[in-house]
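# Per-entry structural report
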Amino acid sequence: MPGPLPGRPHTASMPSGTSVSCSSLLLFLPLLLCLVCAVLFHFCLSMAWSGRLLWLSLTLPGSGMPRSFAKPPKQVQTVCECILIMKGYKELNWKTAKGVMSDPNFLRSLMEIDFDSITQSQVKNIKGLLKTLNTTTEEMEAVSKAGLGMLKFVEAVMGYCDVFREIKPKREKVARLERNFYLTKRELERIQNELAAIQKELETLGAKYEAAILEKQKLQEEAEIMERRLIAADKLISGLGSENIRWLNDLDELMHRRVKLLGDCLLCAAFLSYEGAFTWEFRDEMVNRIWQNDILEREIPLSQPFRLESLLTDDVEIS
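Residues numbered from 1 in each chain as written. Predicted model: local features only at pLDDT ≥ 70, side-chain atom pairs only at ≥ 80, totals over all residues. Heavy atoms only, no water.

As annotated in an unreviewed UniProt entry, the chain carries the name Dynein axonemal heavy chain 10 and comes from Homo sapiens.

What follows is the structure, encoded as structure tokens:
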């Protein structure tokens with residue numbers, strides 16, 4: 001069975017799991033068009049090669065290999081030398097050619113030649129031999145059908161080399177563009193990841209901002225309440241300012257009464273303890289004359305005039 005066809009296009013696999021924005025696709029649209037054109041060109045070239053190699057595979061086995069010649073015609077030997085040059089042999093003679101064609105895998109080896117690695121020097125030598133061949137297809141077919149098949153094979157390879165020489169710079173340019181495309185794509189993915197992280201952080205900051213706004217509103221409402229309370233307290237303090245004089249007078253009186261509180265309490269305690277069972281006249285004499293004089297003689301502070309009502313009751317209860 002024939003091996004892989006020469007010049008088969010290779011397409012780079014796209015990285016999976018990535019997404020490219022529409023703007024980036026528009027940016028690399030010329031590159032994509034270039035890649036598509038290159039792939040189509042290689043496909044067409046491979047189809048042409050398939051026809052040539054199919055014709056060769058059908059021709060060689062059925063017509064006898066040229067190695068059957070003891071001394072081959074010049075046309076056959078020239079074509080065989082072209083094959084030897086193509087396969088990289090240095091000795092270009094019929095003996096070497098017969099040895100190569102005696103290999104049972106000779107046809108497969110022709111199809112598995114790396115045609116892209118054929119040098120310009122080899123192409124130049126092969127074309128020089130083809131120029132010296134100076135024969136037509138009909139003449140070659142009359143000499144050897146297998147030789148005609150190999151001649152068509154050599155001509156097809158030379159045509160491929162001519163095309164390859166022209167498209168090689170384009171293929172290299174496409175490869176560079178592919179590398180730049182994937183590098184730019186990875187950079188875009190990195191930027192998109194950073195953008196997603198920034199977007200997530202922005203959402204978090206937005207939530208914190210909303211919470212801060214709510215907290216601000218709450219504090220503002222509390223501040224307004226406290227301000228109203230402060231105004232009310234200020235009004236209350238202003239209203240109570242007129243009582244300051246009376247409070248000062250009451251304070252002076254209380255300070256004065258505190259000094260004489262000892263004698264007043266002593267006299268009131270004696271009254272409550274001993275005078276309850278006696279008449280009003282006896283109680284009045286005991287409190288206002290005997291006990292008061294005794295306390296004053298002992299120089300115990302006592303309010304003058306002394307009134308039991310001032311300690312034991314007040315004006316509200318009396319009224």
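Right, picking up where we left off after that structure.
### Observations regarding helix α3 (residues 74-87)
So the rule is basically this: We count a stretch as a helix when DSSP gives it H or I for four or more residues in a row; a strand needs E for two or more, and each element gets its number in order from the N terminus. Any helix carries an expected span of 1.5 Å times its number of residues minus one. Categorising residues by exposure relies on relative accessible area from a 1.4 Å probe, with only protein chains included: less than 20% of the type maximum marks a residue as buried, more than 50% marks it as exposed, and the intermediate range marks it as partly exposed. We call two residues contacting when some pair of their heavy atoms lies within 4.5 Å.
The first and last C-alpha atoms of α3 sit 20 Å apart over 14 residues, in line with the 20 Å expected at 1.5 Å per residue. By the criterion of burial, α3 is predominantly enclosed, with eleven of the 14 residues buried. Along α3, the positions that sit buried rather than exposed are Q75, V76, T78, V79, C80, E81, C82, I83, L84, I85 and M86. Elements that come into contact with the buried residues of α3 comprise α4 (94-101), α5 (106-111), α6 (120-133), α7 (137-143) and α8 (145-240). Backbone geometry just after α3 places G88 at a positive phi near 90°.

### Side note on the pattern of salt bridges
Quick reminder of the rule: Salt-bridge detection follows one rule: a side-chain nitrogen of Lys or Arg within 4 Å of a carboxyl oxygen of Asp or Glu.
Counting across every chain of the model gives five salt bridges. With a closest N to O distance of 2.7 Å, D162 and K127 form a salt bridge. On the criterion of sequence distance, the pair formed by D162 in helix α8 and K127 in helix α6 is long-range, its members being 35 residues apart. When salt bridges that share partners are traced, they join K127, D162 and R165 into one network.

### Thoughts on the nonpolar core
As a reminder of what qualifies: Nonpolar cores are built from buried Ala, Val, Leu, Ile, Met, Phe, Trp, Tyr and Cys residues. Side-chain atoms within 4.5 Å join them into one set.
One finds M86, F115, V154 and V157 to be the most contacted residues of the largest nonpolar core, which totals 32 residues. Put simply, the parts of the chain that give this core at least two residues each are α3, α4, α5, α6 and α8. Looking at which element gives the most residues to this core, the answer is α8, with ten residues. In terms of nonpolar packing, the next biggest core, distinct from the first, is built from eleven residues, V287, W291, F306 and L308 among them.

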